[in-house]
Amino acid sequence: MHRRKRSIVAVLAVAAVTALAGCSGGGAGGGGPVTLTFATNLISAEENGTSPVVKELISQFEAQHPNVEIEEQTSQATALQQVIQLAFASQNVPDVFNFWRPQPAFNMDKYIASGQLADLTDLAGEPSVKSVFPDSSWETATVDGKVWGLPLYNFSVPLVVNKKVFADAGVPLPQTWADLEAAVPALKAAGYVPWTLSTQDAQQSDDRLLDYVLDRAFGNDGALALFRGERSFTDPAVVQVLDEYLSISSGFGPDDAAALDNNAAIAKYFNTGRSAMLLTNSGYLPTIDKTIAQDMAVIPFPTIPGGAQIDPHIEKDLTNLMYASAASMEDDTKGPVVRDFLKFMTSPDAQKMFADESILVAGVNIEPDTAKTGDLFAAVQEQTSSLDGDKWLGNGRTPSQQQTFYPLMGEAWTGAFTAQQFAERLDAMFRK
Amino acid sequence: MGTLRFRHWYAAYLVPALVLYLLFFVYPFIQTFISSFTSWDGISDPVFVGLDNYAEFFRDSVLVAGIGRILLWAALAVLVKVGLGLVFAAMLRDRLRGYKFFTSVFFFPVVISSSAMSLIFTLMYDNDIGIINKGLGGIGLGFLEHSWLSDPSTAFLAAIAVPIYQDIGFFLVIFLAALQDIPNEYYESARIDGANPLQIFFRITLPLCLGSLRVCTVLAVTSAFKTFDYIFLLTSGGPGTSTQVPATWMYLQTFQSFRYGYGAAIAMLIFVLSILVSVVVMGSGPLGRMRRRPENVDLEGAVA
């Protein structure tokens, strides 16, 4: 009996030691197995855009580091914000993750203040890393003199038009603001949906047109001041601009814009030639059907007569960075692997792979293979690099304001408001 | 025959269940209650704000409108889910030909996940390829075709139609079990005395399944108060905020606005509303006062 008990104790002890060794798998020393958790929204069900690149990069990294396993924690689009918020709240930050810019609009100020986010200043200072990206990217990645993320890729908001739809509707491509004001109702009258978009809150894409109109009218700083509450939306000059905005937006999106996400809206309307214009994040370019890309053109969003912007600008910025948890970076075993992974994911070779999938990379001197990307992406890339940049106006909004702002935008697209009503609602939301 | 004596150490058998209950219900509940008096972003230290979160209810027009919506939802849920469940169960009680087939057909939607149901109905509601618009067009009602989930005037009803439809089978099964406990003699006596089907339903079936009716009513109402998934999956609270309900609003406040304190206060509101309904229906309400007793059956009155 005693012998049996001793055997059970011995088995349990071995099991416990094995289990503990397993638990510390990520921290085992001496070249033992290391598991890195990687929270990302770059891997999705669609086999386009960032998905194939990130999968391939992980596979390559694991092949180069046989003792390392990358454990993917995937989430879709903006759902990553909740995942990362919960990770910081529970002090269980993934070893590495990609995320938006280190700005309050994404709650990053809180994450930095919590001390759980790794300071990557030393890593960013390495010549092989620093030289990959332009100064503008490093400025965006820096808060209070410290670099918190390594740049991954940029976004821009090009105005993509379907030339065939315009031609079939007998409407000229808009070169001026007056052209655009005339084109939108004419397209609708001809049976086309003027703008392809989703008005679902989580898609955060129905504010692009408003951004452009406000930027053109008041300049990027002036428009940002409105959302920072430094200027009133009910100012008569602003109300007039909002009226012009509503005249080209209200009722001119898809009827079911609230029931479609961005991918579905593009597939249903833009890729089928039922819609004329797409004004959205360049990250959605890979979803445009390449077989009809020859019908597409990229044109500058027109300037508004009397507006602050005389030359066309384009909304663009660094949009995705790689971050790491402070605890992982400080870990003797994981730290070097995390550094290697961050450098690998943002290396020129990785940037080239992203560029070849029609992603606007942050790196300098990265030339995509135009045979793969097609002419449309080349045009977007050319326009993005040649035009001056405007910051996304969401930079002036807090996460809480975002949540009430997007439903309001969705309602505005349905024609629920007059300009004065719209201005008052915006003012109540943002005016300090 | 021996008598089972109570011994104090028997209480030890309750410990595992009690620990789980304390750990997964009582503790989170207390935490939520405490959080509802704080302003907390989930990262920084919580700040005590007293009743501010509760006072904000009265200024939060989205929440107030959402409460109105769940009251409407609860009313429709009781009428349709419970009502049709009971009616169908009464029809199937007599084991008509195809009894098993119809029971399975009614119950089948219950086993489908909410995400699958939402996907199916998203396609059915589609303005171009949806079977609803196609059907309307096919019978000459094309003028009624539109985007059911994108039109603020129809989006909420279209969204809640899905869980209401899906749960009918669940309630049917509960009622069917209850009705099969009713002795056949009551029905036979009533028929011999010349009672018609309606009289039998109201004088025999209904009084004898009041216990199940109370439970089903509470389930229907509380599920309307706390359901999150269908609204989130079908409309995400849109267009605008036209389909927001307290459960989705709580989620948005907590996980997108990072206002954990206010989200916790909304959770407490949903809890209180659910408890109120349960107490009224199960305890002191008209249904609660009635007891499931054979003497409630008015066999004589069943004959006109």
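Residues numbered from 1 in each chain as written. Chains lettered and ligands numbered in written order. Predicted model: local features only at pLDDT ≥ 70, side-chain atom pairs only at ≥ 80, totals over all residues.

Asker: I would appreciate a short explanation of the overall build of chain B in the present structure.
Answerer: If you tally the helices and strands in chain B, you get 14 helices and two strands. Each principal axis of the C-alpha atoms in chain B carries an extent, and together these give about 75 × 75 × 30 Å. (Helix = DSSP H or I, 4+ residues; strand = E, 2+ residues; numbered from the N terminus.)

Asker: Can you help me understand the overall build of chain A in this one?
Answerer: In terms of regular secondary structure, chain A is built from 18 helices and 12 strands. Relative to the globule expectation of 22 Å for 432 residues, the C-alpha radius of gyration of chain A, 24 Å, shows essentially globular dimensions. In chain A, which comprises 432 residues, the proportion classed as buried is 47%. Counting only contacts in chain A whose residues sit at least 6 apart along the sequence, the fraction spanning at least 24 positions is 77%. (Rg over C-alpha atoms; globule rule 2.2 N^0.38 Å. Buried ≥ 20, exposed ≤ 12 C-beta atoms within 10 Å, placed from the backbone. Contact = placed C-beta atoms within 7 Å.)

Asker: Looking at this structure, I do not really get the domain arrangement of chain A. What am I missing?
Answerer: A common way to express how large an interface is: the accessible area buried when the components associate. Residue and element names in this part refer to chain A. One can read the domain layout of chain A as domain 1 (31–155 + 317–373) and domain 2 (156–316 + 383–430). The C-alpha centroid of domain 2 is placed 29 Å from the C-alpha centroid of domain 1. Contact with domain 1, which involves 15 residues of that partner, is made by 20 residues of domain 2. The residue inventory of the side of domain 1 that touches domain 2, partitioned by class, reads five nonpolar, seven polar and three charged. (Domains from an automatic or database assignment. Nonpolar A, V, L, I, M, F, W, Y, C, P; charged D, E, K, R; others polar.)

Asker: For this particular structure, what's the right way to read the environment of Leu-86 of chain A?
Answerer: Residues and elements named next belong to chain A. Tracing the sequence through the fold places Leu-86 in helix 3 (residues 79–89). Classification of Leu-86 as exposed rests on a count of 12 C-beta atoms within 10 Å. When the C-alpha positions of Leu-86 and Glu-72 are compared, they lie 17 Å apart, and in sequence the two are 14 residues distant.

Asker: Even after reading the chapter, I still don't get the sheet that holds strand 7 (residues 159–162) of chain A, so can you show me in this structure?
Answerer: Where strands meet in a sheet, backbone hydrogen bonds hold them as pairs that are either parallel or antiparallel. Residue and element names in this part refer to chain A. Strand order in the open sheet formed by four strands is 8-9-7-10, and the pairing between neighbours is mixed. The outermost strands of the open sheet, each flanked by one partner alone, are strand 8 (193–196) and strand 10 (296–299). Across this sheet, the average inter-strand angle for adjacent strands is 25 degrees, counted without regard to direction. Inspection of the sheet shows strand 8 paired to strand 9 (residues 275–279) by three bridges, in the parallel sense. Counterpart to Trp-195 in the pairing with strand 9 is Met-277. (Pairing = 2+ DSSP bridges. Axes fitted to C-alpha atoms, helices over the stretch in contact; angles between N-to-C directions.)

Asker: What exactly am I supposed to notice about the packing of helix 5 (residues 114–125) of chain B against helix 7 (residues 155–179) of chain B here?
Answerer: Residues and elements named next belong to chain B. Contact pair helix 5 / helix 7: the axes reach a minimum separation of 11 Å and the direction vectors enclose 130 degrees. Taken together, the axes of helix 5 and helix 7 lie oblique to each other. In the crossing of helix 5 with helix 7, the sense of the turn from one axis to the other is right-handed. Here Met-117, Ser-118, Phe-121 and Tyr-125 of helix 5 come into contact with helix 7, specifically with Ala-158, Val-162 and Gln-166. Here the contact of helix 5 with helix 7 is built from residues that sort into five nonpolar, two polar and no charged. (Parallel < 35°, antiparallel > 145°, perpendicular 65-115°, else oblique. Left-handed = near helix turned anticlockwise from the far one by under 90°.)

Asker: Teacher, can you tell me more about the environment of Pro-66 of chain A here?
Answerer: Residue and element names in this part refer to chain A. Within the element layout of this structure, Pro-66 appears in the loop between helix 2 (50–64) and strand 2 (68–74). Its 9 C-beta neighbours within 10 Å are what place Pro-66 among the exposed residues. Through-space distance from the C-alpha of Pro-66 to that of Trp-148 is 28 Å; in sequence the pair is 82 residues apart.

Asker: What exactly am I supposed to notice about the interface of chain B and chain A here?
Answerer: Of the residues lining the interface, 23 residues belong to chain B; the matching set on chain A comes to 26 residues. Its residues assigned to classes, the side of chain B that touches chain A shows seven nonpolar, 14 polar and two charged.

Asker: In this structure, what is going on with helix 17 (residues 399–413) of chain A? I would like to understand it.
Answerer: Because each turn of an α-helix spans 3.6 residues, side chains separated by three or four positions end up pointing in the same direction. Taking 1.5 Å of rise per residue, 15 residues should cover 21 Å, and helix 17 of chain A covers 21 Å from first to last C-alpha, within 8% of that figure. Within helix 17 of chain A, 11 of the 15 residues are buried, leaving the element largely enclosed by the surrounding structure. Turning to helix 17 of chain A, the residues buried within the fold contact helix 10 (208–227), helix 11 (236–249) and helix 18 (419–430) of chain A together with helix 12 (246–256) of chain B. One or two residues past the end of helix 17 of chain A sits Gly-415 of chain A, with phi positive at roughly 90 degrees. (Expected span 1.5 Å × (residues − 1).)

Asker: Quick question: what am I supposed to make of the packing of helix 4 (residues 99–107) of chain B against helix 7 of chain B here?
Answerer: Residues and elements named next belong to chain B. Here helix 4 crosses helix 7 at 135 degrees, and the two axes come no closer than 7 Å. The angle between helix 4 and helix 7 places the two elements in the oblique class. Note on element contacts: helix 7 touches helix 4 through Ile-168, Gly-169, Leu-172, Val-173 and Leu-176, opposite Thr-103, Phe-106 and Phe-107. In the contact of helix 4 with helix 7, the residues fall into six nonpolar, two polar and no charged.

Asker: What am I meant to see in the environment of Ala-190 of chain A here?
Answerer: All names here are of chain A. Along the chain, Ala-190 turns up in the loop between helix 9 (177–189) and strand 8. Residue Ala-190 is classed as partly exposed on the basis of its 15 C-beta neighbours within 10 Å. With 117 residues separating them along the chain, Ala-190 and Gln-73 place their C-alpha atoms 46 Å apart.

Asker: Quick question: what am I supposed to make of the confidence of the model for chain B here?
Answerer: As a note on interpretation, predicted positions should not be read in detail where pLDDT is low. All names here are of chain B. Mean pLDDT over chain B: 89, with 92% of residues reaching 70 or higher. Of all the helices and strands in chain B, helix 14 (residues 286–289) carries the lowest mean pLDDT, 54, while helix 2 (residues 52–56) carries the highest, 97. Predicted confidence is poor over residues 291–296, with pLDDT under 50, and the contacts of this stretch with residues over four places away or in other chains come to five contacts. The ipTM, which scores confidence in the relative placement of chains, is 0.78 for this predicted complex, and the corresponding pTM is 0.82. (pLDDT = per-residue confidence, 0-100.)

Asker: Is there a simple way to explain the nonpolar core in this structure?
Answerer: Ranked by internal contacts, the top residues of the largest apolar core, which has 130 residues, are Leu-214 of chain A together with Leu-149, Ala-159, Phe-175, Ala-220 and Ile-266 of chain B. For this core, the element with the most residues is helix 7 of chain B, which contributes 14 residues. Among residues more than four places away in sequence, those in contact with Ala-159 of chain B are Leu-149, Tyr-230, Ile-231, Leu-234, Thr-235 and Thr-243 of chain B. (Core = buried A, V, L, I, M, F, W, Y, C linked by C-beta atoms within 7 Å.)

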